[in-house]
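Architecture at a glance
Listed here are the chains, written in short residue letters.
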Amino acid sequence: MMSRNNCRLLLLNLACLTSLQSADAQNAQSLAYLGPNSSLGSTTLDTERSKAQNLYQSGQFAQALLLYHQICSGRSNPPTALDFYWLGESYAHTEQYDHAAKAFSEAMKLETGNEKLQVRYAESLLSSHKLEQAAEACKAALGVVKTEAARQKLLLLLKISSKPEPEAAMQRGKLNGLWQQKSMER
């Protein structure tokens, strides 16, 4: 029998996988945004964005994270919502969900109506075990999202975040006791 915590993690992983697949499907649009005809600022900044995107696409998330962090640190050209989005995705792929949530939050400030950002923000809060904040983010986003896909993801995340999380110590104690019992039976 699967514990409530394991069920929550399984559902979260499924929700994140769906979202990540959606992010990959929209990659062509994002890369077009980074193209040479964009009005993003200096050629150097465009080159950094392109390098970061290439690193991300090749699965080198830690290296992409470093570049996106530099891009988002401000300098003379202000970062875009897309810069913060990719910073958040890089953090998520390196399992730094708290930082990912902060990056998605910054992106949402720049692009308030973006449903994908709202879903990724809630997913990151949930992954960082901030259940109350995740539930509040879901409720707030449900009031403004227009697509059924975003609505369904948010409803699932809200349901997951509304379940009480078992105390880690209690679970650890049960698992250790079970493990010791199984070891003695062998």
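Now for a look at the structure at hand.

Parameters at a glance
Residues numbered from 1 in each chain as written. Predicted model: local features only at pLDDT ≥ 70, side-chain atom pairs only at ≥ 80, totals over all residues. Heavy atoms only, no water. Helix = DSSP H or I, 4+ residues; strand = E, 2+ residues; numbered from the N terminus. Buried < 20%, exposed > 50% of the residue type's maximum accessible area, 1.4 Å probe, protein only. Contact = heavy atoms within 4.5 Å. Phe/Tyr/Trp six-rings, centres within 6.5 Å; stacked < 30°, edge-to-face > 60°. Expected span 1.5 Å × (residues − 1). Salt bridge = Lys/Arg side-chain N within 4 Å of Asp/Glu carboxyl O. Arc of directions from axis to C-beta.

1. Description of the overall build of the chain
A tally of regular secondary structure across the chain gives 10 helices and zero strands. Secondary structure elements of the chain, listed N to C terminal, follow the sequence α-α-α-α-α-α-α-α-α-α. Looking at the chain as a whole, 38% of its 186 residues are labelled buried. Sequence separation of at least 24 residues holds for 56% of the intrachain contacts in the chain that already meet a minimum separation of 6.

2. Concerning the packing of aromatic side chains
By the definition in use, this model includes four aromatic pairs. Taking 4.8 Å as the distance between ring centres and 65° as the angle between the ring planes, the aromatic pair formed by Tyr 56 and Trp 86 counts as edge-to-face. Of this pair, Tyr 56 sits in helix α3 (residues 43-57) while Trp 86 sits in helix α5 (residues 81-93), and the two are 30 residues apart along the sequence. For Tyr 56, a relative accessible area of 4% puts it in the buried group. Ring centres of Tyr 85 and Phe 104 lie 5.9 Å apart, and the angle between their planes is 50°; this geometry places the pair in the tilted category. Of the two residues, Tyr 85 is situated in helix α5 and Phe 104 in helix α6 (residues 97-110); the sequence distance between them amounts to 19 residues.

3. Describing helix α4 (residues 61-72)
If you check α4, its first and last C-alpha atoms are 16 Å apart, about what 12 residues at 1.5 Å a residue would give, namely 16 Å. Among the residues of α4, those classed as buried are Ala 64, Leu 65, Leu 67, Tyr 68, Ile 71 and Cys 72. Its buried side turned inward, α4 meets α3 and α5. Once α4 ends, the next one or two residues include Gly 74, with phi positive near 110°.

4. Concerning the environment of Lys 102
When you line up the elements, Lys 102 lands in helix α6. Here Lys 102 falls in the partly exposed class, since its relative accessible area comes to 48%. In this structure the C-alpha to C-alpha distance between Lys 102 and Leu 125, which are 23 residues apart in sequence, comes to 9.1 Å.

5. Focus: the pattern of salt bridges
Opposite charge on two side chains permits pairing when their charged atoms draw close. Under the criterion given, the structure shown has seven salt bridges. Its salt-bridge partner being Arg 49, residue Asp 83 comes within 2.6 Å of it at the nearest N-O pair. Of this pair, Asp 83 sits in helix α5 while Arg 49 sits in helix α3, placing them 34 residues apart in sequence. Each member of the pair, Asp 83 together with Arg 49, is buried. As a salt-bridge pair, Glu 136 and Lys 139 come within 3.8 Å of each other at their nearest N and O atoms. With Glu 136 and Lys 139 both in helix α8 (residues 131-142) and three residues apart, the pair spans about one turn of that helix. Classification of Lys 139 by relative accessible area gives partly exposed; the value is 48%.

6. Quick notes on helix α9 (residues 148-162)
Taking 1.5 Å per residue as the helical rise, α9 with its 15 residues ought to reach 21 Å, and the 21 Å between its terminal C-alpha atoms agrees with that figure. Along α9, the positions that sit buried rather than exposed are Ala 150, Leu 154, Leu 157, Leu 158, Ile 160 and Ser 161. Down the axis of α9, the sector holding all buried residues measures 165°, keeping them to one side. Across from the buried face of α9, at angles greater than 90 degrees, the exposed residues are Ala 149 and Lys 159.

Everything listed here is a matter of coordinates, which is why it stays silent on function.
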